[in-house]
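Listed below are the residues making up each chain.
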Amino acid sequence: MKIKEITYCGVMIAIIVAFSLVPPIAVPVIPVPISFQTMAVMLAGSLLGKKLGTISVLIFLLLVAVGMPLLIGGRGGFSIFLGPTAGYLLSWPISAFSIGWLLEIKLLEVFNC
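The paragraphs below set out a description of the structure included in this document. All values reported here derive from a predicted model rather than from experimental measurement. Per-chain numbering applies: the sequence of each chain, read as written, is numbered from 1 onward. For a predicted model such as this one, the threshold for reporting local features is a pLDDT of at least 70, and the threshold for listing and counting side-chain atom pairs is 80 or more; totals across whole chains, interfaces and linings nevertheless cover every residue. The side-chain values count all of the structure's non-hydrogen atoms but skip hydrogen atoms and water molecules.

## What about the overall build of the protein chain?
The helix count covers DSSP runs of H or I at least four residues long, the strand count covers runs of E at least two residues long, and both are numbered beginning at the N terminus. Scanning the protein chain for helices and strands turns up 3 helices and 0 strands. Written out in order from the N terminus, the α and β elements of the protein chain read α-α-α. Summarising its shape, the C-alpha atoms of the protein chain cover approximately 45 × 35 × 25 Å along the three principal directions. The proportion of buried residues among the 113 residues of the protein chain is 30%. Contact criterion: two residues are considered in contact whenever any of their non-hydrogen atoms come within 4.5 Å of each other. Here the analysis covers contacts within the protein chain between residues at least 6 apart in sequence; of these, 60% occur between residues at least 24 apart. Carbon and sulfur atoms provide 76% of the accessible area of the protein chain, an area that totals close to 6900 Å². Partly exposed residues are those whose accessible area sits between 20% and 50% of the maximum for their type, while under 20% is buried and over 50% is exposed, using a 1.4 Å probe and protein chains only. A 1.4 Å probe and the Shrake-Rupley method give the accessible areas. Residues count as covered only by the protein chains that appear here.

This is the structure we're talking about:
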């Protein structure tokens, strides 16, 4: 990877962390709050593309897994991946890749490349 790509990934990780500072919307029926971090994951795929967006989200999840409190409410650690939010967290890299891939296809279609 080039230094420019590494910098883009680092900035996107910082954006995902910054979006965790916005208070979540708690829904009493489900244990998973609605947060802006999901929007940051979508931004990663749309701004950086499928490869760099996915790498950014995977590095973010790796940082969460080693114990850094980067999720909403200052949560972190491997036990997060065993709770009710595990499905959401594990789908984030897939979402970033899918959005980047779909945008790549759509841009190729629009510009006839």
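## Section: the packing of helix 1 (residues 3-19) against helix 2 (residues 37-65)
Axis definition: a line fitted to C-alpha atoms, over the contacting stretch in the case of helices. Angles run 0 to 180 degrees between N-to-C directions. One way to put it is that helix 1 packs onto helix 2 with a least axis distance of 8 Å and a crossing angle of 80 degrees. Comparing their axes, helix 2 and helix 1 come out roughly perpendicular. Partitioning the contact of helix 1 with helix 2 into residue classes produces 20 nonpolar, 2 polar and 2 charged. Roughly parallel means an angle under 35 degrees; roughly antiparallel means over 145; roughly perpendicular covers 65 to 115; every other angle is labelled oblique. Charged residues are taken to be Asp, Glu, Lys and Arg, nonpolar residues to be Ala, Val, Leu, Ile, Met, Phe, Trp, Tyr, Cys and Pro, and polar residues to be all remaining types, Gly included.

## Some details on the nonpolar core
Take the buried residues of types Ala, Val, Leu, Ile, Met, Phe, Trp, Tyr and Cys, join any two whose side-chain atoms come within 4.5 Å, and each joined set is a nonpolar core. Judged by nonpolar contacts, the single largest core of 20 residues is most densely connected at Val57, Phe60, Leu61, Leu71, Leu89 and Trp92. Of all elements in the fold, only helix 1, helix 2 and helix 3 (86-111) reach the threshold of two or more residues within this core. Take this core: its biggest share by element is 9 residues, from helix 2. Beyond its immediate chain neighbours, meaning those up to four positions away, Leu61 contacts Phe81, Leu89, Trp92 and Pro93.

## Quick word on a nonpolar patch on the surface
Taken together, Phe97, Trp101, Leu102 and Ile105 make up a surface patch of nonpolar side chains, about 370 Å² in accessible area. Within the secondary structure, Leu102 sits in helix 3. Patches here are clusters of residues that have more than 30% relative accessible area and form no salt bridge, with a 9 Å joining cutoff for like charges and a 5 Å cutoff for nonpolar side chains (Val, Leu, Ile, Met, Phe, Trp, Tyr). Salt bridges are defined by distance alone: a side-chain nitrogen of Lys or Arg within 4 Å of a carboxyl oxygen of Asp or Glu.

## A closer look at the environment of Trp92
Residue placement: Trp92 occurs in helix 3. Taking the C-alpha atoms as reference points, Trp92 and Leu103, separated by 11 residues in sequence, lie 17 Å from one another. Beyond its immediate chain neighbours, meaning those up to four positions away, Trp92 contacts Gln37, Thr38, Val41, Val57, Phe60, Leu61 and Leu71.

## Section: the packing of aromatic side chains
Stacked, edge-to-face and tilted labels apply to pairs of Phe, Tyr and Trp rings (six-membered ring for Trp) whose centres lie within 6.5 Å, assigned for plane angles under 30 degrees, over 60, and everything in between, in that order. Per the counting criterion, the structure on display carries 2 aromatic pairs. Considering the side-chain rings of Phe60 and Trp92, the 6.2 Å spacing of their centres and the 35 degrees angle between planes classify their relative orientation as tilted. Here the residue Phe60 occupies a position in helix 2, and Trp92 occupies one in helix 3, the gap between them amounting to 32 residues. Both residues of the pair, Phe60 and Trp92, count as buried. For the pair Phe78 and Phe81, a centre-to-centre distance of 6.0 Å together with 40 degrees between the ring planes defines the contact as tilted. Judged by its relative accessible area of 13%, Phe81 falls in the buried class.

## Points about the environment of Ala44
Relative to the elements of secondary structure, Ala44 occurs in helix 2. On the basis of relative accessible area, Ala44 is assigned to the buried category, the value being 0%. Leave out the neighbours within four places in its chain, and Ala44 touches Met12, Gly49, Gly53 and Val57.

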